[in-house]
Amino acid sequence: MKHLILFGPPGSGKGTQAKQLEEKFEMVHISTGDLFRYEIGNETPLGLKAKSFIDAGELVPDEVTIGMLQNKVNMHPEAKGFIFDGFPRTIPQAEALDLFLEGRGECINGLIALKVDDEEIVQRLLERGKTSGRADDSNEAVIRNRIDVYKEQTSPVYDFYDEKNVSQEIEGVGSIEAIFERLSTAIEAL
Ligand code: C5P
Ligand code: MG
C-alpha cells in the first residue's frame, strides 16, 4: 500500500496530473476541493458550512476537512493506495492524517510538490476561472489570498514530511505530458 500527497500551490496542476496518475498507478485520487464543491452543489450542511470559507479563499476548519477526508478513505477499502490532492493543507491536518494511517498500519510514502511561481499561478487561475465556474478562480484578490494562505499555512506541511525524508519538489511548469513523465518517474522510485 503506497500513499502519495500531491502537493503545490493552487493552480499548480495537482488535479490535472492526479487524474492521469490514478489510472497509471491504480491508485484512488481524493481531491478535498472537489469533495467540498460536490457538497456545496448539493447544498448539504457540510457544503453550506464550507462555502463562505472557500469563496473567500480561506481554509475550511481542520475538523471539518479531516472528518470528510477520513470518510472518503473509509469508502474505499479496495484501494491499493491514495493520491491526496489538496490535503493536508495545515500541520494539524498532516498530524491527523499520519495518525489515521498509522491506525491502519500505513504511512505517507511520498510527498511530491509541483513548483510554479506566483505570477504564473495567478494567470492560470484567472484563465481557469473563465470556464471552471469557480467563484474563487474569478477574482484576483481571492486568488492572491489563496497564495498567501498556501505560503503561511500549507507550505510548512512540506517541511513536516521533509523531516520524515519523504518530500521532494519537481518543476511544475512545462507541458502536461512532460510533467506527467517527471511525476511518474518520481512515483516509481517510491
Ligand atoms: O484544492 P482546491 O484548490 O480545489 O480547494 C479549493 C478550496 O477548498 C480552497 O481554497 C479552500 O478554501 C478549500 N479547502 C480547504 N482545505 C483543504 C482543501 C480545500 O479549506 N484541505
Ligand atoms: Mg485541484
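Above this text sits the structure in question.
Everything in this summary refers to the structure shown in the same document. (Residues numbered from 1 in each chain as written. Chains lettered and ligands numbered in written order. Predicted model: local features only at pLDDT ≥ 70, side-chain atom pairs only at ≥ 80, totals over all residues. Heavy atoms only, no water.)

## Remarks on the layout of surface pockets
Each pocket or cavity is described by its volume, and for the largest pocket that value is around 950 Å³. Lining the largest pocket are 49 residues, and of these Pro-10, Lys-14, Arg-89, Arg-128 and Arg-134 lie nearest its centre. Grouping the amino acids of the lining of the largest pocket by side-chain chemistry returns 17 nonpolar, 19 polar and 13 charged. Its boundaries defined by the atoms lining it, the second largest pocket holds a volume of some 160 Å³. Lining the second largest pocket are 14 residues; nearest its centre among them are Pro-9, Leu-114, Val-116, Tyr-150 and Glu-169. (1 Å grid on protein atoms, 1.4 Å probe; cavity = no way out; pocket = protein on both sides within 12 Å on 5 of 7 lines; lining within 4 Å. Points joined across faces, edges and corners; volume = space filled by probe spheres on them. Nonpolar A, V, L, I, M, F, W, Y, C, P; charged D, E, K, R; others polar.)

## Thoughts on the nonpolar core
Of all hydrophobic cores here, the largest spans 32 residues; its most connected members are Ile-5, Phe-7, Ile-30, Phe-84, Leu-97, Leu-111 and Tyr-161. Other than its neighbours up to four places away in sequence, Phe-7 contacts Ser-12, Lys-14, Pro-88, Leu-111, Ile-112, Ala-113, Leu-114, Tyr-150, Thr-154, Ser-155, Val-157 and Tyr-158. Formed by 14 residues, the second largest nonpolar core is a distinct cluster that contains Leu-4, Leu-6, Ala-18 and Ile-83. (Core = buried A, V, L, I, M, F, W, Y, C linked by side-chain atoms within 4.5 Å. Buried < 20%, exposed > 50% of the residue type's maximum accessible area, 1.4 Å probe, protein only. Contact = heavy atoms within 4.5 Å.)

## A look at the sheet that holds strand 5 (residues 167–171)
Reading across the sheet, the five strands line up as 2-3-1-4-5 and stay open at both edges, with parallel pairing between neighbours. Two strands lie at the open edges of the sheet, namely strand 2 (28–31) and strand 5, each paired on one side alone. The sheet shows a mean angle of 20 degrees between the axes of neighbouring strands, direction not considered. Inspection of the sheet shows strand 1 (residues 4–7) paired to strand 4 (residues 110–115) by four bridges, in the parallel sense. Residue pairing across strands places Leu-4 opposite Gly-110, the latter belonging to strand 4. Strands strand 1, strand 2, strand 3 (82–85) and strand 4 of the sheet are contacted by helix 1 (residues 14–25), whose axis makes an angle of about 170 degrees with strand 3. (Pairing = 2+ DSSP bridges. Helix = DSSP H or I, 4+ residues; strand = E, 2+ residues; numbered from the N terminus. Axes fitted to C-alpha atoms, helices over the stretch in contact; angles between N-to-C directions.)

## Examining the site of ligand 1
Surrounding ligand 1, one finds 16 residues, the nearest of these being Arg-37, Glu-58, Val-60, Gly-86 and Arg-89. Interatomic distance of 3.0 Å between a side-chain N/O atom of Arg-89 and an oxygen atom of ligand 1. At 3.4 Å from a nitrogen atom of ligand 1 is found a side-chain nitrogen or oxygen belonging to Gln-93. Of all the cavities here, the one that holds ligand 1 is the largest pocket. No other element matches helix 2 (residues 32–41), which puts four residues into the shell around ligand 1. Looking at side-chain class alone, the shell around ligand 1 contains five nonpolar, five polar and six charged residues. (Near = heavy atom within 4 Å. Polar contact = N/O pair within 3.5 Å; in protein donor to acceptor, adjacent residues only side chain to side chain. Sits in = over half its atoms within 2 Å of the grid points.)

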